[in-house]
Amino acid sequence: MSRTEGRGDVAPSGTDGRLEVSFSALDEEPGVRISDPIERHQFRLLTDTPVRPSPSDAPPFRFPVDAATRISARKITLPTVVAVYVRDAEGSMLAEAEHFAYEEFPAGTYSIELCAPIKLYLRVDAPVTVASDMAQTRIEFGEETTVSVGARSHHERPAATITTTSDPHDVMTAVSAFSSALKTTSSERSYPTLRGHPPLVELGDHLDVPSGVTPPDTGVDIEIPPDYRSIYVAAPLSYYLGADLVPGDSPRIVAPGGFEHGLDTVRGFEGEVERVLKQTFFFDCLTRTEGYYEVDLYERNEIEDAVDVDFDALYGWPLAEQLRTYLDVPFSAIEPYLPEWKLTTHVSPTQENVELLPFVTDDLAIVRTPKGDAISRSEVQTAAAGSFSAATP
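Residues numbered from 1 in each chain as written. Predicted model: local features only at pLDDT ≥ 70, side-chain atom pairs only at ≥ 80, totals over all residues. Heavy atoms only, no water.

Caption draft 1: Seen up close, the overall build of the chain. Across its full length, the chain carries eight helices and 21 strands. Within the chain, the proportion of its 393 residues that are buried is 54%. In the chain, once contacts between residues fewer than 6 apart in sequence are set aside, the share between residues at least 24 apart is 67%. Looking at the chain as shown, the accessible area adds up to about 16,400 Å², and 45% of this sits on carbon and sulfur atoms. (Helix = DSSP H or I, 4+ residues; strand = E, 2+ residues; numbered from the N terminus. Buried < 20%, exposed > 50% of the residue type's maximum accessible area, 1.4 Å probe, protein only. Contact = heavy atoms within 4.5 Å. Areas by Shrake-Rupley, 256 points an atom, 1.4 Å probe, with all protein chains shown as cover.)

Caption draft 2: Molecular detail of the side chain of Thr361. As for its position among the elements, Thr361 is in helix 8 (residues 357–362). For Thr361, a relative accessible area of 0% translates into the label buried. Excluding residues within four positions of it along the chain, Thr361 makes contact with Phe178, Pro198, Ala235, Pro236 and Tyr239.

Caption draft 3: The arrangement of helix 6 (residues 319–328) in detail. The buried fraction of helix 6 is high, at seven of 10 residues. All of the buried residues along helix 6 are Leu319, Ala320, Gln322, Leu323, Thr325, Tyr326 and Leu327. Those residues of helix 6 that are buried lie in contact with helix 2 (228–241), strand 17 (252–255), strand 18 (259–262), helix 3 (268–287) and helix 5 (311–314).

Caption draft 4: How the structure looks around the environment of Val254. As for its position among the elements, Val254 is in strand 17. Here Val254 is in contact with Gly219, Val220, Asp221, Glu223, Phe259 and Glu260, once residues within four sequence places are set aside.

Caption draft 5: Spotlight on the packing of aromatic side chains. All told, the structure shown has eight aromatic pairs when counted by the stated rule. When the ring of Phe105 is compared with that of Tyr110, the centres are 5.7 Å apart and the planes differ by 45 degrees; the resulting orientation is tilted. Ring centres of Phe281 and Trp341 lie 5.2 Å apart, and the angle between their planes is 85 degrees; this geometry places the pair in the edge-to-face category. One end of the pair, Phe281, is in helix 3; the other, Trp341, is in the loop between helix 7 (331–334) and strand 19 (344–346), with 60 residues separating them in the sequence. Considered together, Phe281 and Trp341 belong to a single accessibility category, that of buried residues. Cation over ring: Arg189 sits above Tyr240, and NZ or CZ is 4.4 Å from the ring centre. The side chain of Arg288 reaches across the aromatic face of Tyr191, ending 3.9 Å from its centre. (Phe/Tyr/Trp six-rings, centres within 6.5 Å; stacked < 30°, edge-to-face > 60°. Lys NZ or Arg CZ within 6 Å of the ring centre and 35° of its normal.)

Caption draft 6: Layout of the pattern of salt bridges. Throughout the structure, instances matching the rule amount to 19 salt bridges. Close ionic contact of Glu260 with Arg252 constitutes a salt bridge, the shortest N to O distance being 2.8 Å. Residue classification places Glu260 among the exposed residues on the basis of a relative accessible area of 51%. Judged by relative accessible area, which is 24%, Arg252 ranks as partly exposed. (Salt bridge = Lys/Arg side-chain N within 4 Å of Asp/Glu carboxyl O.)

Caption draft 7: Spotlight on unusual backbone geometry. Even without glycine at this site, Arg40 takes up a positive phi of about 60 degrees. Examined against the element boundaries, Arg40 turns out to sit in the loop between strand 2 (31–36) and strand 3 (41–47). Taking relative accessible area as the criterion, Arg40 reaches 67% and is therefore assigned exposed. Positive phi, close to 55 degrees, is recorded for Phe100, a residue that is not glycine. Here Phe100 is to be found in the loop between strand 7 (93–97) and strand 8 (102–105).

Caption draft 8: Focus on the pairing of strand 18. Every second residue of strand 18 is oriented toward a common face, the buried set being Phe259 and His261 and the non-buried set Glu260 and Gly262. Direction of pairing for strand 17 relative to strand 18: antiparallel, over a ladder of four bridges. Bridge pairing links Arg252 to Gly262 in strand 18. (Pairing = 2+ DSSP bridges.)

Shown next, in the form of structure tokens:
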């Protein structure tokens, strides 16, 4: 992340065509302003003395953040009351505070989550007191201490624009960059808040992927024929897996360790891609119960009696190994427990629909490509993909 001169701003936006969360010292009173140009939100943290945010290249946060900084303060005041979650160094929840709360903790290492319009995390090594009334929340540390501040955009809008030609090979490159919007490649990407909106796509006379749009290196590839139908169907799965779309004669997923999973099965290509997306998403929802929120999930309790899966071990495995384990389970074993998937998109495999793909992908839609004149235009149906997937970390 970069820094502008003169004001102590951290992580400015727009330097490479990609919008970023930024921090800057307040002019009118002591504190720091956090700005999210993607969602067009700002939030202030007021401090007892003037601060100058300094970059933090290795933020010590358990949760993914888009940008981080460090400040020194004895007290931080939030100008509104938001939900505040306090965790210890191991991530165990200690308290949840909202209106008229008072929570006090002795000296130690704490992670403090602020559910503001921009997701914020504080990390301190100090005693902590959280107190709120009807109007604001105060977080006190006893004496001046270094506070690490992390911020994450809710990222429900595109943060960049990719230009592509109508050549299917260029379109595959553009779609492969969609996963740059993922906040994590762990099973927590099943949380909507940890999947940012893919970049916009525009048709042009050359391929241009902005330098800041960098997909994760998961090692997973999806091999498909370089044609619009295959690309459109595979786009949401490619995004969710952080997988590159690469040309291949026989549709399949390949990953490190010799893993292969064919996508041209008795279900048909569209049906098999649907199965893989649903099954991976579902198992991620179960596996993530070993992570940020160790909830007692009904679906996990039911599945554990039917399949041989060690979720405790699975949580820490690389994505490719998780995928292998997920897809080894017969679909029939989990099908009764799947959430109702009401996200279906019918897309004609024509070049003008390339610009629709970021929105189809953001919804994790099941893509159908009508044949002949069955559907003469693109038709998008959107709804919730099961309520149990939407808890926010």
